[in-house]
Amino acid sequence: MSKKIPVTVLSGFLGAGKTTLLYHLLKNQQGLKIAIVVNDMSEINIDAKLVNNGRFVRTKENLVEITNGCICCTLREDLVVELEKLAQLDIDYVLIESSGVSEPIPVTQSFIYHDEALGIDLNTFFQIDTMVTMVNGQQFWEDYQSEDLLIDRQLHVSDDDERGIVDLLIDQIEFANVIVLNKIDMLSDREVAKLTNVLHKLNPEAKIVPASFGQIDPLQVLHTNQFNFEKASQGAGWIKELNEEHTPETEEYGIRSFVYRSRKPFYPERFHQWLENWPTEIIRAKGFFWLVTRNEVAGLLSQAGSMVTLEGAGRWLASYSQEELAKLKVQDPALFEDWDEQAGDRMTEIVFIGSNMDKEGMIHSLNECLVTEEELETISFKDPLPSFT
């Protein structure tokens, strides 16, 4: 096959307007033979005339448990098989409407990696053209501040599905290369502008398209040829901040960001108290931290809305043996570019994105959580923080 069939994936939480956008695209497809793939949770009922000699496939999504214990939705075997069949037909484009509780990365990976069990390589036939996430402008802040899990709203896909609503929203927003901000007709101009700036901070790489009733120029999401997996994987605002690619501030709406860095470890008890009094103006935070009681393992802090999680992020290189370090220096010298004579690679680097944050006050309060020189002489420290998983 000389030319791969382009694919646009529509992602977004329930009620964002994916199906409405899908209908709009079908009515304005400009003669393209489009194959439509929707999940079994969708209520869409496609009129054959709209497909225009293309195909309509309804399939299911499957839960898979990946190495870090996260439960994700991915393409099922039957969908991979169906897509291979579609590739043999005379079609120009594929539109996939993933379920409202799907995470976009596993869906994308199904098109990139060869399925050895089935012997099917979708990358031979297809190329993801655009990853679209639809955001419900009217409902966004309520869902973002919610402490609900999917299971609390009966949206879980298995008894093991312990994902939070806000975590899912963040996953969908941070991986997209086009974000359609829908239902702006229900918001004031200032509300639209502020939300647009927040989305831009969360994902600086994504193009943000405002919409009412899913009405957009189809060329904003079809034949854009803009999606790149590696770029999307590194496109989140917190990653760019850690890489010192600062996104310009939006002073009018108070949306700003900064990175807190320290080469001293946190005193666990004081850091725990700081977390218990989390500043409400923070919208998104993520990064690595060092606890004086856990010199072997780096901590990973992730916050979105009202949800704050702490987990292990692998061993600090400074905890490796001299022999192991010598080998690593030969294999990957870049790992040691920011090496500290005393701390090694141990440090705290946390990105904070928020609205009207007191940056200096936050830095001061976090500095108060650091272990003092006198305390470093202490043999033991209280550590009330949960164990790293």
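Residues numbered from 1 in each chain as written. Predicted model: local features only at pLDDT ≥ 70, side-chain atom pairs only at ≥ 80, totals over all residues. Heavy atoms only, no water.

Novice: Mind showing me how you'd approach the overall build of the protein chain here?
Specialist: When helices and strands are tallied, the protein chain shows 12 helices and 14 strands. Counting all 389 residues of the protein chain, 51% fall into the buried class. Of the roughly 18,900 Å² of accessible surface on the protein chain, 46% is carried by carbon and sulfur atoms. (Helix = DSSP H or I, 4+ residues; strand = E, 2+ residues; numbered from the N terminus. Buried < 20%, exposed > 50% of the residue type's maximum accessible area, 1.4 Å probe, protein only. Areas by Shrake-Rupley, 256 points an atom, 1.4 Å probe, with all protein chains shown as cover.)

Novice: For this particular structure, what's the right way to read the side chain of threonine 8?
Specialist: For threonine 8, the position within the fold is in strand E1 (residues 5-12). Within polar-contact distance, the side chain of threonine 8 engages the backbone oxygen of valine 221 at 2.8 Å. In this structure, threonine 8 is in contact with Tyr93, Val94, Leu95, Ile96, Asp129, Thr130, Val132, Val221 and Leu222, ignoring residues within four places of it in sequence. (Polar contact = N/O pair within 3.5 Å; in protein donor to acceptor, adjacent residues only side chain to side chain. Contact = heavy atoms within 4.5 Å.)

Novice: Please clarify how the nonpolar core should be interpreted in this entry.
Specialist: As a rule of thumb, soluble globular proteins bury nonpolar side chains together. In this structure, Leu83, Val94, Phe111 and Phe126 are the most contacted members of the largest nonpolar core, which totals 24 residues. Elements represented by at least two residues in this core include exactly E1, strand E2 (34-39), helix H3 (77-86), strand E6 (93-97), helix H4 (104-112), strand E7 (126-136) and helix H8 (229-233). With 22 residues, the next largest nonpolar core counts Tyr144, Leu187, Ile283 and Met307 among its residues. (Core = buried A, V, L, I, M, F, W, Y, C linked by side-chain atoms within 4.5 Å.)

Novice: Would you explain the environment of glycine 299 in this entry?
Specialist: Here glycine 299 shows up in strand E12 (residues 297-304). Look at glycine 299 and you get buried, because its relative accessible area is 0%. Setting aside anything within four residues of it in sequence, one finds glycine 299 in contact with Gly287, Phe288, Phe289, Glu311, Ala313 and Phe388.

Nothing here speaks to function; it is all geometry.
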